[in-house]
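Here is what each chain is made of, one letter per residue.
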Amino acid sequence: MAGITIITVFHNRAHRVRPSIESLLAQDCEDVRIVAIDDGSRDDTLAELHALSAPNLTVVAQPNRGFTATMAAACAAADTDFIAVHGAGDESLPGRLRAQRDFLLAHPDVVAVGCAIENVEEGGKGYVIQPTQSIRKGPMIAGFGISHGEVMFRRSAYLAAGGYRPIFRVAQATDLFRRLSRIGDFGYVDQLLYRRFLFRDGVNASAAKFAEHELYSAIGHDAFVDALASGAAADVIDRHGVLAPYYMPRSKKIAGGLARAAVVHWLQGDDCIARHLARRSLAEKPTLRGAIVAVQLLLSTIGLRDAMQRLAVKTNRGRNEYALSRFYRPPARK
């Protein structure tokens, strides 16, 4: 039977180590290797990992390298047919690994598989995201229907796609999924098999991190679309790395990402950066969204701040953890 390497990277998640790792140890699937990596945590994460022991559990301690570099190194070291990701602190529900492996074995054209997941916000509020179809044909620019934590992919497809790219400190899953979708299809197990926790210090929890995600995702989008249109195996990011945006035409997508990043910083009270990003959005490519954000920022200086922010949230909604309403704070009552 094809083996699975499941990789989970922890950074300052001591309180979630035990339930998270125990959910992996409880999987009813043979030939599973669990690699749990402490990426330079400053809390008791490493001690909590060492407190757990199993023949198929390997704990790795390292200085902080960042998530993307750590995942790239762990995937490079894996020698099993399948690689599964498990988000730090999340829980893989009973049967997840077996069901995903069986799906990949039954569908040779599928390169990556997800499942239904439950997103749980800190404080206990949860909601389920259910796949609407069992297979989505590649290539895909967006709409993968899989978040990073619950994915399992073929190691051969991962290597053929070029793996994680170090330029993507965030939005690395979207970048990888796009390139995987040029190789094959995406599949979905129609069962709730994963519980994902949205932490207050997570990747989209601060204005700065959210803005980074918007911009990296937009750059990756344009690079992928260009490579897809030209039929090139390598895209502008492969050729030029961090300088890629300077070799790309001015982009509506990047302008939109800058505008949304401006709104997030504004909602968090950083008006200076918000105005800077709004100007950069219009300089990148004049768009209706960018113009509206610039006007809203201007009007907010003459007593219309709350009204403009509520309007900005309404016109830049996003979904789930990408909803801008998460950053809106109504003014204190006098």
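Given the structure is predicted, the values throughout are model-derived calculations rather than measurements.

A.B. asks: I tried to follow the overall build of the chain on my own but got confused; where do I start?
C.D. replies: Each helix and strand in the chain was counted, giving twelve helices and ten strands. C-alpha extents for the chain along the principal axes are approximately 65 × 55 × 40 Å. Within the chain, buried positions represent 53% of all 334 residues. Taking all contacts inside the chain whose residues are at least 6 apart in sequence as the whole, residues at least 24 apart take part in 76%. When the 42 positive and 34 negative side-chain charges of the chain are each reduced to one mean point, those points stand 9 Å apart.

A.B. asks: In this structure, what is going on with helix 7 (residues 207-230)? I would like to understand it.
C.D. replies: Counting along an α-helix, one turn takes 3.6 residues, and residues three or four places apart therefore face a common direction. A rise of 1.5 Å per residue sets the reference length of helix 7, with its 24 residues, at 34 Å; its end C-alpha atoms lie 35 Å apart and thus fit the reference within 8%. Residue glycine 231 follows helix 7 closely and has a positive phi angle near 80°.

A.B. asks: Looking at this structure, how should I read unusual backbone geometry?
C.D. replies: Working note: non-glycine residues mostly have negative phi, and peptide bonds are mostly trans. With an omega dihedral of 0°, the bond running from glycine 138 to proline 139 counts as a cis peptide bond. Looking at the secondary structure, you find proline 139 in the loop between strand 8 (135-136) and strand 9 (152-154). Phi angles above zero are rare outside glycine, and asparagine 12 is one such case at about 60°. By the element assignment, asparagine 12 lies in the loop between strand 1 (4-10) and helix 1 (17-25). Classification of asparagine 12 as buried rests on a relative accessible area of 18%.

A.B. asks: Is there a simple way to explain the state of the cysteines in this structure?
C.D. replies: Cysteine pairs can be linked by a disulfide, which is a covalent bond between their two sulfur atoms. Applying the stated criterion across every chain yields a total of zero disulfides. Among the cysteines around cysteine 29, which has no disulfide bond, cysteine 115 carries the closest sulfur, lying 14 Å off.

A.B. asks: Just checking my understanding: could you explain the environment of arginine 33 for this structure?
C.D. replies: Along the chain, the position of arginine 33 falls in strand 2 (residues 32-39). When near neighbours in sequence (up to four residues on either side) are disregarded, arginine 33 contacts Ile4, Thr5, Ile6, Asn56, Asp79 and Thr80. A polar atom in the side chain of arginine 33 sits 2.4 Å from the side chain of aspartate 79.

A.B. asks: I would appreciate a short explanation of the environment of leucine 25 in the present structure.
C.D. replies: In this fold, leucine 25 is placed in helix 1. Assessed through its relative accessible area of 31%, leucine 25 is described here as partly exposed. Along the chain, leucine 25 and serine 92 lie 67 residues apart, while their C-alpha atoms are 9.7 Å from each other. Setting aside residues no more than four positions away along its own chain, leucine 25 makes contact with Ile34, Ala54, Asn56 and Leu57.

Conventions used here
Residues numbered from 1 in each chain as written. Predicted model: local features only at pLDDT ≥ 70, side-chain atom pairs only at ≥ 80, totals over all residues. Heavy atoms only, no water. Helix = DSSP H or I, 4+ residues; strand = E, 2+ residues; numbered from the N terminus. Buried < 20%, exposed > 50% of the residue type's maximum accessible area, 1.4 Å probe, protein only. Contact = heavy atoms within 4.5 Å. Lys, Arg positive; Asp, Glu negative; His and termini not counted. Charge placed at Lys NZ, Arg CZ, Asp CG, Glu CD. Expected span 1.5 Å × (residues − 1). Disulfide = S-S within 2.5 Å. Polar contact = N/O pair within 3.5 Å; in protein donor to acceptor, adjacent residues only side chain to side chain.

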